[in-house]
Amino acid sequence: MSAGGTNSFAPGFYEGDRPRIVTSRFGLEDSHTLARFVATGGYEGLRRALGRPAGEVHDEVRSATVLGRGGAGFPAGTKWGLTPQEVWPRYLVVNGDESEPGTYKDRLLMERDPHQLIEGCLIACYAAGLSQCFLYIRGEMALAQERVATALNDAYAAGYVGRNILGSGFSVDIVLHWGAGAYVVGEETALIESLEGNRGMPRLKPPYFPAAIGLYGQPTIVNNVETLANLPWLMVNGAEAYTAIGTPTSPGTRMVAVSGHVKRPGVYEIVNGTTTFRDLLFGEEFCGGMRDGRTLKAFVPGGGSAPWFLPDQLDLPFEASQVGPAGSMLGSGAVMVMDDTTDIPRAALTLTRFYAHESCGKCTPCREGGTWLERILSRIVDGKGTDADLDQLMEVGQSICPGAFPHASSERLGINATPFPYRMNTICFVGPSAFAPVHSALTLFREEFDARVTRRIHIPVSAVGAAQ
Amino acid sequence: MSTTETNAGETPEVPVDPNAVSISINGRSVAARKGELIIAAADREGEYIPRFCYHPRMSSVGMCRQCLVEVEGPRGPMMVVSCMTPVADGQVVRTETEQVKRAQEGMIEMLLANHPLDCPVCDTGGECPLQDQAFSHGPGESRFVEEKRHYEKPIPISDLVFLDRERCILCDRCTRFAREVAGDPLISFTQRGNNTQVMTFPDEPFASYFSGNTVQICPVGALTAQPYRFKARPWDLEQRESTCTTCSVGCRTVVQSSRDELVRYQGVDSDPVNWGWMCDRGRFNFQSVNSEDRLGTPLMRRDGSLAATSWSVALDAVAREMRSGGAVAVLGGSRGTNEDAFMWGLLADAVGSTMRDAQMDDGLPSSVFSLPQATIDSACAAGTVVLLAPDLKEELPVLHIRLRDAATRHGLRIIEIASHDTGLTPHAWRSVRCEPGAQQDAVRSVLADAEMSAQLAGGNVVVVVGRANLAESAATTMAALDGLLSAVPAATVLPVLRRGNVRGALGLGLAPVDGNDTASVLEAAAGGKVACLVLLGADPLSDVADADLARRGIAGARFVVAVDTFLTRSAAQADVVLPAAAYGEKDGTTTNLEGRVSNVVQKITPRGTSRADWMVAAELLHLLGKDAGVATLADVQRLMSARFPAFGAAAASVEVRRNGVVVTSGGARQPAPAVSVTPRSSYDFRLVVSRKLYDLAVGTAQSPSMANLAPGAAVLVHPLDAERVGARDGANVKVSNSHSSVVLPVVSSGAVPRGTAVVPFNQPGADVRGLIRRGEPVTDVRIETV
Amino acid sequence: MARLTEENVRLAQEIISRYPRPRSAMIPLLHLAQEQDGYVTEDAMAHIAGLVGASPAEVYGTASFYEMFKFHPVGRYVINICGTMSCALAGAEDLMHHAEEKLGVRMGGTTDDGLITLERAECQAACTEAPCLQTNYRYSFRVTAESFDTLVDDLRAGRLADEIPPHGTVARVRQHIPADKGAGVHAPEDVKSAPAWLDGKAAL
Ligand SMILES: Cc1cc2nc3c(=O)[nH]c(=O)nc-3n(C[C@H](O)[C@H](O)[C@H](O)COP(=O)(O)O)c2cc1C
Ligand code: SF4
Ligand code: SF4
Ligand code: SF4
Ligand code: FES
Ligand code: FES
């Protein structure tokens, strides 16, 4: 079992000479232990938070604009304020179901620094008045489950979690929960269904905004692991220090996984808002350029669901307000890089197959349309497609996402960008995600499809009859 | 503020309904109510939006996406699912734009992608929403050339329902119904994504009393009912709206026939009654009407055995007996129509009979109808319902559904007083267990409980009262009811007597006169004091709990006339048997448990020469020289109006063919005497004999699809009691008392408290009725291993 | 076919007690069943139904939604090879073919000795270390044909028995909330007002 990364105990992760808000302990082999955590300033943020009225802590988070790191990028402090007045109890559900293709950082945060996450959960519960916390970890993440379980057991024993935390009178349980393998459960309403013991099928928003109608029908805050992991640092250093990093609309840092055809694929904590894709893919402190001296063909900028970018978009920063108009999204912080050797239809198929396979089956366009797309695409990849299939792909896509679908601009093709977002006929984003790679590939690399398919010869029905 | 110049008082403020909103649908302004869904508002306005998963009586899930419409939003038109989007004031909805059309076509195409094109052999073909919408809203052709999903062709998921997974479009209607409405989540989606399928758990069939509803609401032919499979094609079907009289809920239905044979009943959505639902017993017992065993000609006893004869010979014989001067008794009438009961009441009057009773000693005194009455709706809207009743799921299934819905979704609090767990126990706010005979004490303990008495003091209380135990006298229930009503005087009462038209029959002339109820009539007959005993769709030998009394009564009557659809045990003992037209073979009206009068219809020709009960009575009146002058049903109803104006008016109204008209006579409380019950010896069990939905009654026994569903005779006791007796589950035990003994398999059940033994009534297997004696308030038995 | 053992019922009850609604424990209990028997038996599902207050059909409905639950016996080790984009870009298809050859089974199959089940999986959140696989949910990164063979040989020789528990056991550490340390469950029906610490004052 070989391992990349800076340290053998943190494969995939690379430190750097950058601000480290959530990965500050990743270089320590025993970073997951309570002793190391406390020795490196752990639970200090909690202590600071408890030393202030809850409302003030909430305000601090609000003014820091901690963007959600789960995909939607909604500011945590604002989300906590969306619960209906005077409805109790309210819950915190921690989304550790990380499964978006290309994405991983929550796994590392749970494996490498579980106490930091626990501390973040406690701060959130305190600030937003949440009575019980459920920490939902993806089923396949055995090590993360073990690390968080150990950390929780230790933290309970030491009085950091549970009854009368640090003698403050603040009490909250964190219940470790674990899944069993279903990507869609990462979607917050599906996460809640799953946590209620049901099939993880998303609920329609509206009306089921978790902040209003969530777990057991109560107001529920769903936050991503990384989002919460930001809170201890924020409590110790304050919102001002937090917003001093990055840009006003995208402050702080974020963890990004870059995989695919680069020299040094890895997970990096980057400065939000200012770091560009070029920095990330070609900068020496990051991926160091394309592998084997190849050239960049395309990249997926924000997890498998995101429409693709071309070298044209390399100078865009990690800033939603710029990536959206350029035709894609930042999503979950995952970049997948394709060099010029990449078989584009085949690459698209690996993603479309993923979303078709992960469809929960609740709504017609995704359940039927996703598989349909996959079938056609795989026929094309196998060299058995016709030119009519290419139109059909777009037609099926129209039934999933009516109207113009976002894509990047291309100088080579002479096309302008269609901005994000799209319209959709589905309940959640899985259906559109099955179409996104097909649409990007077909729009940006049509020639690779044309070369693969045979032209269908149209035989008029009457002619068939005449021949008999 | 100045005090003089305001106009207040001069222009009365028009009260603005805070819930009224105005929206526009396709350019038309539409009044709607806050919280209403767009699709519901559109339905009301006749703007049909196609749909598959939406059902107005279930929660919306937004799965099929067929109901997408365009709504004007801040950033231009948005597509929303109209089955989950509530109306909002000023909302602009368009259901026919290019975008909408395109979406609808897209959904249809996708649904058809994996749908077999076997409409010509599908039961639903011709009445299939998918087929219809494929024509009206489909793309015209499917471009899906991939291989379709394949599953094993129809598999039985219960004795009554087949599932064809290839046809299923995964709308969640059946599964939602099972979970949400029936509370029997025995079917569920399984697997995921494109492999999602509806399934049961292995070896645990979808044995819900309500399973037929899933067949009715399945928008494709994926679910089919065993009794209807391949029976008819929709274009051969004729139908009329009617009322189910299998029990006294009185569900509205349509009765469908093909080539003069009943082939299907479907529920009709009647807002005050059944909301479109039916129970399986009511839904599938049309099979019994078609039974080969139906009586088609009159029979008369000659040389000790029954032989076919003509109507005139048979009727002459009956008239002769009636004229003979001896006492005439009429038992039964609750399986017929209001008109049947009325005419037989008239006949009883004409021959001066004081012996009549529509109940088989298995209900409550008809004085319960004189108490202040509740309706199904008022019970569901109540703050508290007190159940002093049998298991409604077993006896009055759709009432169970209505109360369950009120308790689970609308905050109704149920206080259940029962001898053992019932279908509503999981939804009861409080359940009080009491031994047979101890209901009065149970009521006292409810009233003594601080929480429960506070709840009752909160007002809006309905008492649902019925005969929960046939091995216990009705007097104990009446005494308990009286105790409750004296403490909660404002409470209203919903009597739940089970037989289809028992309330109509009792109200229209077949109620006991001077206390001459079925038991005393049978006692009189046993003593040779009844000259002519008419059994009007009644079978005392099967139905009267005191079997010994029934046997003596039938044997002692000088002349027995049975008017029935089948040769029942009692009819087989009769001197004359007159074949009766069955449900679906005659028009008329019926009265449900709340006193609601609605119509029943003739859909097919009566079997053989059988005729409606009222005609038989009319002819006998004629033969007796007391012709009532009735030739048609309208004549009967006119006569009925004169004697019973409320019933007559109801029968004549238009509403009788829709939701019906409630006719109640509720008055004031009449005190009922307390009953003293001797304590049970600690070796004994106190016996509960209660009904199950499926039993040996002709409606089920003569319907092949249901004949095997009766669970069979057994004695249920608490597991610790089974241990005490020393009997393993399933082992035979002897259940005995001084009257008789019977051998039954024992079933240990946590639903039964210690010291109580529950035996289902009228089941295949040993007959428990020998243990029961009328006049004894409770029945105690011993249980020993054999 | 087995119901949960007494010890597992005790564990199940402890898990259930952490949630406001027993049904929330459904997935953890299904894992417990799979840990006990290597797969989820029908008896266990019926047993769990009783424990969490659901019908067996609902338990099966939930269980069959999730990839990790198996309803038939599988190998002691389940090897999941990731085939999603990043791994595919790094040659996952070749690795899968190699694995099929090495083990002599197709994807989804189990070796004759019942030791190894081979499966195709979706993204395992280790995309930078592609291609990757999991053996009973323990990772191998940047897998080559050679390292795959070594893995299989090690599994066969029992050299990884300490590191990798048999199929069914995911986490080897369980959460335990000591009775005197827990803050307790907060069910909707029991909590009607804001938590005490929202009193406008600092908690510490
Ligand atoms: C199909 C789908 C999958 C998702 N998967 C994840 C996930 O694995 N982890 C996650 O944190 N959020 C995921 N999300 C986003 C969540 O719905 C939710 O927005 C997020 O957990 C909120 O946390 P945040 O505000 O802290 O980002 C997913 C969303 C969709 C539509
Ligand atoms: S879009 Fe796909 S995953 Fe999302 S709810 Fe619909 S079917 Fe399920
Ligand atoms: S069987 Fe019928 S009702 Fe049930 S989900 Fe399928 S289509 Fe819908
Ligand atoms: S509940 Fe009664 S009236 Fe309704 S369908 Fe069933 S038997 Fe008929
Ligand atoms: S009817 Fe609205 S989504 Fe199915
Ligand atoms: S694509 Fe294989 S681990 Fe993510």
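Residues numbered from 1 in each chain as written. Chains lettered and ligands numbered in written order. Predicted model: local features only at pLDDT ≥ 70, side-chain atom pairs only at ≥ 80, totals over all residues. Heavy atoms only, no water.

### Concerning the packing of helix α13 (residues 439-448) of chain B against helix α14 (residues 450-457) of chain B
Residue and element names in this part refer to chain B. Contact pair α13 / α14: the axes reach a minimum separation of 5 Å and the direction vectors enclose 85°. It follows that α13 is roughly perpendicular to α14 by the angle criterion. From α13, Val446, Leu447 and Ala448 reach across to α14, where they touch Ala450, Met452, Ser453 and Leu456. Broken down by class, the residue content of the contact of α13 with α14 amounts to 6 nonpolar, 1 polar and no charged. (Axes fitted to C-alpha atoms, helices over the stretch in contact; angles between N-to-C directions. Helix = DSSP H or I, 4+ residues; strand = E, 2+ residues; numbered from the N terminus. Parallel < 35°, antiparallel > 145°, perpendicular 65-115°, else oblique. Contact = heavy atoms within 4.5 Å. Nonpolar A, V, L, I, M, F, W, Y, C, P; charged D, E, K, R; others polar.)

### Thoughts on helix α7 (residues 145-156) of chain C
Residue and element names in this part refer to chain C. If you check α7, its first and last C-alpha atoms are 16 Å apart, about what 12 residues at 1.5 Å a residue would give, namely 16 Å. Phe148, Leu151, Val152, Asp154 and Leu155 are the residues of α7 that are buried. Projection of α7 onto a plane perpendicular to its axis shows the buried side chains occupying an angular sector of 160°, all on one side. Buried residues along α7 sit in contact with β1 (77-82), α6 (92-103), β2 (116-121), β3 (133-135) and β4 (138-140). (Expected span 1.5 Å × (residues − 1). Buried < 20%, exposed > 50% of the residue type's maximum accessible area, 1.4 Å probe, protein only. Arc of directions from axis to C-beta.)

### Concerning the site of ligand 4
Every residue near ligand 4 is listed here: Cys244(B), Thr246(B), Cys247(B), Gly250(B), Cys251(B), Met278(B), Cys279(B), Gly282(B), Pro397(B) and Val398(B). Considered class by class, the residues forming the shell around ligand 4 number 7 nonpolar, 3 polar and no charged. (Near = heavy atom within 4 Å.)

### Remarks on the site of ligand 1
Residues and elements named next belong to chain A. Taken together, 18 residues lie near ligand 1, and Gly70, Lys79, Asn223, Asn224 and Thr227 sit nearest. In this structure, an oxygen atom belonging to ligand 1 sits 2.8 Å away from a side-chain N or O atom of Lys79. Glu98 places a main-chain nitrogen or oxygen 3.4 Å from an oxygen atom of ligand 1. Look at ligand 1: alone it shows 600 Å² of surface, and the protein chains cover 92% of it. The greatest single-element share of the shell around ligand 1, amounting to 3 residues, is contributed by strand β4 (residues 220-224). In the shell around ligand 1, the residues fall into 4 nonpolar, 8 polar and 6 charged. (Polar contact = N/O pair within 3.5 Å; in protein donor to acceptor, adjacent residues only side chain to side chain. Areas by Shrake-Rupley, 256 points an atom, 1.4 Å probe, with all protein chains shown as cover.)

### Comments concerning the domain arrangement of chain B
Residues and elements named next belong to chain B. Considered domain by domain, chain B is made up of domain 1 (1-144), domain 2 (149-226), domain 3 (299-363 + 501-662), domain 4 (370-495) and domain 5 (685-785). Between the C-alpha centres of domain 2 and domain 5 the distance comes to 33 Å. Every contact between the two is made by 4 residues of domain 2 and, on the other side, 6 residues of domain 5. Where domain 2 abuts domain 5, roughly 440 Å² becomes buried across the two surfaces, and 67% of that area is made up of carbon and sulfur atoms. For domain 2, the biggest contributors to the area lost against domain 5 are Asp159, Leu160 and Tyr209; these three give 89% of the whole. Counting across the domain 2 and domain 5 interface gives 0 residue pairs in polar contact (both at pLDDT 80 or more). Its residues placed into classes, the side of domain 2 that touches domain 5 shows 2 nonpolar, 1 polar and 1 charged. (Domains from an automatic or database assignment. Buried area = accessible area lost by both parts, 1.4 Å probe.)

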